[in-house]
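Structural overview
The residues making up each chain are set out below.
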Amino acid sequence: MTKTAPSLTPPRLAPQRLAPPRLARPILMAALLSTALALSPVAMTPALAGPVPESFADLVVQVKPAVVMITTSTTVSEPAGGMPGFPPGSPFEEFFKEFGMPNGPQGGPQRQHRADALGSGFVISEDGYIVTNNHVIKGESGNTVADEISIEFANGKKLDAKIVGTDPKTDIALLKVESKEPLPFVSFGDSDTMREGDWVMAMGNPLGQGFSTSVGIVSARNRELSGTYDDYIQTDAAINRGNSGGPLFSMDGKVIGVNTAILSPNGGSIGIGFSMASNVVSKVVGQLKEFGATRRGWLGVKIQDLTPDMAEAMSLPEPEGAMVSEVPEGPAKEAGIKSGDVIISFAGAPVKDTKSLTRRVADAPVGEAVDVVVMRAGKEVTLQVTLGQRELAESSEAAAEGPAPALAGGSVLGMVLSPITDAMRAELNLPEDLTGLMVTEIDEAGAAFDKGLRRGDVIVEAGQQPVASLADLQARVAEAKEGGRKSVLLLIRRGGEPRFVAVPLQ
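Summary of the structure given here. Since the structure is predicted, the reported quantities are computational estimates derived from the model, not experimental observations.

1. Looking at a nonpolar patch on the surface
A contiguous nonpolar patch, built from Val52, Trp199, Val215, Ile217 and Met251 and spanning about 380 Å² of accessible area, is present on the exposed surface. The residue Ile217 is located in strand E8 (residues 212–223) in this model. The exposure class assigned to Ile217 is partly exposed, which follows from its relative accessible area of 30%.

What follows is the structure, encoded as structure tokens:
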């Protein structure tokens, strides 16, 4: 679902009816027969000729009692005059300053009013735990928590809910209601067993119209939108505003996704909806229920995907694994993982790319000791790492950035470079122990620029060896050429962030 909750005002456009086909029955039957005869033997296999469900009514009866409508109420403030605010730098800014309102109309008298929003959810236990989207109860910005949360069941029963915990990274929230009687509930299924083409059914409260059901198929798997832990099921089942937080069911009545977002040019369903996979949601919900917050594993490395050029420069057969670009203080550094290592296995499972490693580490228990296999200088090295907690690590992280001055120096690989000096460290707030070569000029038609290097970058390694002078870099380039390499692997820093780049030698 899109992140904006729908208004209580119903849509003003009347629903449009689809006219029935006007093809005469004999012509239709002849056309169907002709199409069937034209099908190849593969198209006539039993797998594709299986029965289509005659009705989804029994499934609706089975799961509907556990699906709920969610109404939230929040106190919001706005200018008392009803005028909109203007962003900084707006042409109206000076105008309002003249009248003693430096912050625009927002700086004047404010009035408060209640804002209601709608969403969906589903009960996962008879004692009243309910799953929905985080943006249903915290709004699009994720900062405004609802003052009141009301749950309505299909039989008309209403209960007030409290927030147990939320996870903005997966847009999941866990609520709790108190009921004298056991509540009907549904269970999570295994989203990994779903295949493209499988039937699915979505339920919820679209556009404030009350309990509604739509059906479709799994259009795609493992979709990513914008989050680190995204694992969405794409479906063409109709999902609209208000369906947020509602369940996506498999045909056996199991929840295999939580309806979260749609791709649409007009805000309505065009058959491209996204549901967070149940195998992600169930883990998040379990942690929210136990701790009130998530507790994800933390390896303590900065990583990037390997490109074919980088793999060739490191003599790796395939560009697979996660390249370690930096190892700050943390579990990985304590275990001996180094910058330049390529993580190829985590906890006994192969690592294909950074996304798979990130998800696998997040799912691992905090404090667990796991085996991590890395490629280092062409050899496999197995290290044991005791995982930390990502949430604690993120709360203490900070990054510093600074502008880069134009300085003269020598030229290599289409770049003018200058060694880092004490004056540069002081001016740019660089770490005292940082050594390397700063890019002061770069040929925008050259290979280095094409690979992403920019003026102000600091080259700290070449060929996985430190460089402190122009001679160091020239020696690494010469070694790569003598070894028959097509490119040289550079480790650069930009704004304090490290990244490997393979720059072609020709």
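2. Comments concerning the pairing of strand E11 (residues 255–262)
Working note: regular strand, side chains alternate between the two faces of the sheet. In terms of burial, E11 is a largely internal element, 8 of the 8 residues being buried. As judged from the 3 bridges shared by strand E10 (residues 247–249) and E11, these two strands associate in the antiparallel manner. By the bridge assignment for E11, Pro247 is matched with Val258. As consecutive antiparallel partners, E10 and E11 are separated by 5 residues, and within that stretch Gly253 has a phi angle of approximately 80°, a positive value.

3. Comments concerning the packing of aromatic side chains
Evaluation of the coordinates by the stated rule reveals 3 aromatic pairs. Ring centres of Phe122 and Phe188 lie 6.0 Å apart, and the angle between their planes is 80°; on these two criteria the pair is classed as edge-to-face. In this pair, Phe122 is assigned in strand E2 (residues 110–123) and Phe188 in the loop between strand E6 (172–177) and strand E7 (199–204), connecting sequence segments 66 residues apart. Look at Phe122 and you get buried, because its relative accessible area is 1%. Judged by relative accessible area, which is 24%, Phe188 ranks as partly exposed. When the centroid spacing of 6.2 Å and the interplanar angle of 75° are considered together, the rings of Tyr232 and Phe274 count as edge-to-face. Within this pair, whereas Tyr232 is found in strand E9 (residues 232–235), its partner Phe274 is found in strand E12 (residues 273–277), the two being separated by 42 residues in sequence. Exposure remark for Tyr232: the relative accessible area of 4% places this residue in the buried category. Its relative accessible area of 7% is what places Phe274 among the buried residues. Across from the ring centre of Tyr129, 5.3 Å away, lies the NZ or CZ of Lys176, which sits over that ring.

4. Digging into the environment of Ala349
Structurally, the position occupied by Ala349 is in strand E17 (residues 349–350). For Ala349 and Val373, which are 24 residues apart along the polypeptide, the C-alpha to C-alpha distance reads 9.7 Å. Every residue in contact with Ala349, bar those within four places of it in the chain, is listed here: Ile344 and Arg360.

Reading the values: the criteria
Residues numbered from 1 in each chain as written. Predicted model: local features only at pLDDT ≥ 70, side-chain atom pairs only at ≥ 80, totals over all residues. Heavy atoms only, no water. Patch = residues over 30% accessible without salt bridge, like charges linked within 9 Å, V, L, I, M, F, W, Y side chains within 5 Å. Areas by Shrake-Rupley, 256 points an atom, 1.4 Å probe, with all protein chains shown as cover. Salt bridge = Lys/Arg side-chain N within 4 Å of Asp/Glu carboxyl O. Helix = DSSP H or I, 4+ residues; strand = E, 2+ residues; numbered from the N terminus. Buried < 20%, exposed > 50% of the residue type's maximum accessible area, 1.4 Å probe, protein only. Pairing = 2+ DSSP bridges. Phe/Tyr/Trp six-rings, centres within 6.5 Å; stacked < 30°, edge-to-face > 60°. Lys NZ or Arg CZ within 6 Å of the ring centre and 35° of its normal. Contact = heavy atoms within 4.5 Å.

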